[in-house]
Every structure is written in C-alpha cells, then in structure tokens.
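# Fold and contact review
One-letter residues, chain by chain:
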Amino acid sequence: MRDGKRLTLTTPDLVLLSLLAERPMHGYEANLELERRCIRDWASISRPQVYYSLEKLAGAGFIRAADSGEPAAGPERSVFQTTAKGRTAVADALEREAWTTQRDRPAFSTWIALSWLALPGVFQKQLRRRKKFVVAELAREEETLRSILKEVGHPYHEAVWMVSLMIEQFKVELRWLRKVERELPRRTAARHPALVGTQDTASQRNARD
C-alpha cells in the first residue's frame, strides 16, 4: 500500500517477482537471465525497467535483500529475493480475468488494413519482408524449444507450451502469407461497399447541415 492506494503490479514487476522466486539474484543477473531465456519476446521489460521495478517492489515489501555473502556493490549488485508477501501478490494478480480476454493487435495486420493506399509494388515487397521475418523467427523459436527441452528434461513445462504456441502461430502465419501471395493477382476493390456509401451519405448530410 502506498498513500492509501493498492500498488498496481505491472508485467515487468510480475516477471521479476517470478525470477526472484526461483532464486535470489541482483539486477544485473536478472537482466542476463531475461536475455538468456528470451523473455523479452513475450514480455516488454527494458533494462532500466528492471531497476525501477526492483526499487518499487522492495519499497512495497514484495522482495527483500538476500544475504549473498559478498560486500554491497551498488544497486546492480544488491541481491534480492521474493518474499511471502510478494508471492501472494503474484498469485492474486494471476487470477485477473484480463489475462484471458485480451486480443493482440499485430502491426502487420494494421498494415494489411491500410495497404490499399500503398504505392504499386509495395504490397509484394512488404509481403516478402514479412515472410523472411517469419521464417527466421520460426527457426529461432524451434532452436529455443530444443534448448528448453534439453534444460527442462521433459515436454510438460510452461516454457515448452509457450514456445510451442509461438511456433504454431508462426507456421499458421507462414501458410497464410503464402496464400495471400498466390491470391494477390486477383485483388480488387469491394464490390458492395455499403459501409463507404453510408459514410458518404452521412458526410453529405453533415455538409448540408
């Protein structure tokens, strides 16, 4: 509690609480672990955010300094671990319905919707770029999955499920991109643009008024 208000835990806060619940570590080590596990692929958390969250969580009593057996060496080397209060806060946050009722808003989907205004040849160029990116990311996720399976030792783990989902999503998108590429020569304007006509009528009526 701060100033009589409930402390809101952000995604970076929850990620750090999870990491520190596994074992004590300092901010610099937490950043290395974020990189090693490719956590930034699914959670937006910058290096400065790590230290901001550590300070915030410590002030709330959700983490505490751990005895590392080493002399203090600044905030990057201060070792923290999740407290019982912090574990309870994470458990409470994981019950939020919002985790299960959100839709992604991929930038490429937005681009597709606006692409009718692109210059000639741009659609094909961007489609090739996206395909190249998806192929590369698919290969990277498959390599990540192999590393996870080697480290975890079995396929029944949350990290395996997460990366498997990403792999399936990239495979589906790759099939869809190839389909769009095949159908692109047949692309035409809407035959029954009822919505456009409605908007035009409304615009004309507003102009008269």
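Reading guide: rules and limits
- Residues numbered from 1 in each chain as written.
- Predicted model: local features only at pLDDT ≥ 70, side-chain atom pairs only at ≥ 80, totals over all residues.
- Heavy atoms only, no water.
- Helix = DSSP H or I, 4+ residues; strand = E, 2+ residues; numbered from the N terminus.
- Buried < 20%, exposed > 50% of the residue type's maximum accessible area, 1.4 Å probe, protein only.
- Contact = heavy atoms within 4.5 Å.
- Areas by Shrake-Rupley, 256 points an atom, 1.4 Å probe, with all protein chains shown as cover.
- Phe/Tyr/Trp six-rings, centres within 6.5 Å; stacked < 30°, edge-to-face > 60°.
- Pairing = 2+ DSSP bridges.
- pLDDT = per-residue confidence, 0-100.
- Core = buried A, V, L, I, M, F, W, Y, C linked by side-chain atoms within 4.5 Å.
- Arc of directions from axis to C-beta.
- Axes fitted to C-alpha atoms, helices over the stretch in contact; angles between N-to-C directions.
- Parallel < 35°, antiparallel > 145°, perpendicular 65-115°, else oblique.
- Left-handed = near helix turned anticlockwise from the far one by under 90°.
- Nonpolar A, V, L, I, M, F, W, Y, C, P; charged D, E, K, R; others polar.

## Observations regarding the overall build of the chain
The helix and strand tally for the chain stands at eight helices and three strands. In the chain, the succession of α and β elements from N to C terminus is α-β-α-α-β-β-α-α-α-α-α. Across the 209 residues that make up the chain, the buried fraction comes to 29%. Summarising the internal contacts of the chain: among those between residues at least 6 apart in sequence, 61% fall at separations of at least 24. Roughly 15,100 Å² of accessible area belongs to the chain as shown, and the carbon and sulfur atoms make up 55% of that amount.

## A closer look at the packing of aromatic side chains
Per the counting criterion, the structure on display carries three aromatic pairs. Judged by centre distance (5.5 Å) and plane angle (15°), the ring pair of Phe108 and Trp111 falls under stacked. Highlighted residues: Phe108 and Trp111, both in helix α5 (residues 107-114), separated by three residues, approximately one helical turn. For the residue pair Phe108 and Trp111, the accessibility class agrees, reading buried in each case. Ring centres of Trp111 and Phe123 lie 5.2 Å apart, and the angle between their planes is 45°; on these two criteria the pair is classed as tilted. Placement of the pair is Trp111 in helix α5 and Phe123 in helix α6 (residues 122-152), with a sequence separation of twelve residues. The pair formed by Trp111 and Phe123 is uniform in burial state, with each residue classed as buried.

## Things to note about the sheet that holds strand β1 (residues 25-26)
An order of β1-β3-β2 is seen for the three strands of this open sheet, with the pairing classed as antiparallel. Both outer strands of the open sheet, β1 and β2 (63-65), are each paired with one neighbouring strand and no more. As paired elements, β2 and strand β3 (residues 79-82) share three bridges and run antiparallel to each other. The residue of β3 that forms the bridge with Ala65 is Phe80.

## What about unusual backbone geometry?
If you check the backbone angles, Cys38 has positive phi at about 55° while not being a glycine. Turning to its location among the elements, Cys38 is positioned in the loop between α2 (27-36) and α3 (47-60). A residue is classified by how much of its surface remains accessible, and Cys38, at 23% relative accessible area, is partly exposed.

## Describing the confidence of the model for the chain
Residues with a pLDDT of 70 or more make up 86% of the chain, whose mean pLDDT is 88. Scored below 50 in pLDDT, residues 202-209 shows zero contacts in the model against residues more than four places distant or in partner chains.

## Things to note about the pairing of β3
Regular strands have side chains that alternate between both faces of the sheet. The alternating pattern of β3 places Val79 and Gln81 on one face and Phe80 and Thr82 on the opposite face, and all of these are buried. Where β1 and β3 come together, two bridges link them in antiparallel fashion. Pairing of His26 across the sheet is with Val79, part of β3.

## Let's talk about the nonpolar core
Counting 25 residues, the largest nonpolar core has Leu16, Leu54 and Phe62 as the members making the most contacts within it. Of all the secondary structure elements, the ones that give two or more residues to this core are α1 (11-22), α2, α3 and α4 (84-93). Counting 17 residues, the second largest nonpolar core, distinct from the first, contains Leu138, Leu145, Ile148 and Val180.

## Here's the deal with α2
For α2, the full list of buried residues reads Gly27, Ala30, Asn31, Glu33 and Leu34. Within α2, the buried residues cover an arc of 160° as seen down the axis, which keeps them to one side. Elements in contact with the buried residues of α2: α1, β1 and α3. Once α2 ends, the next one or two residues include Cys38, with phi positive near 55°.

## A few points about the packing of α2 against α3
At a minimum axis distance of 10 Å, the contact between α2 and α3 shows a crossing angle of 130°. Looking at the two axes, α2 sits oblique to α3. Along this stretch, α2 crosses α3, giving a crossing that reads as right-handed. The segment α2 lies against α3, with Gly27, Tyr28, Ala30, Asn31 and Leu34 engaging Arg47, Val50, Tyr51 and Leu54. Residues belonging to the contact of α2 with α3 are distributed by class as follows: six nonpolar, two polar and one charged.

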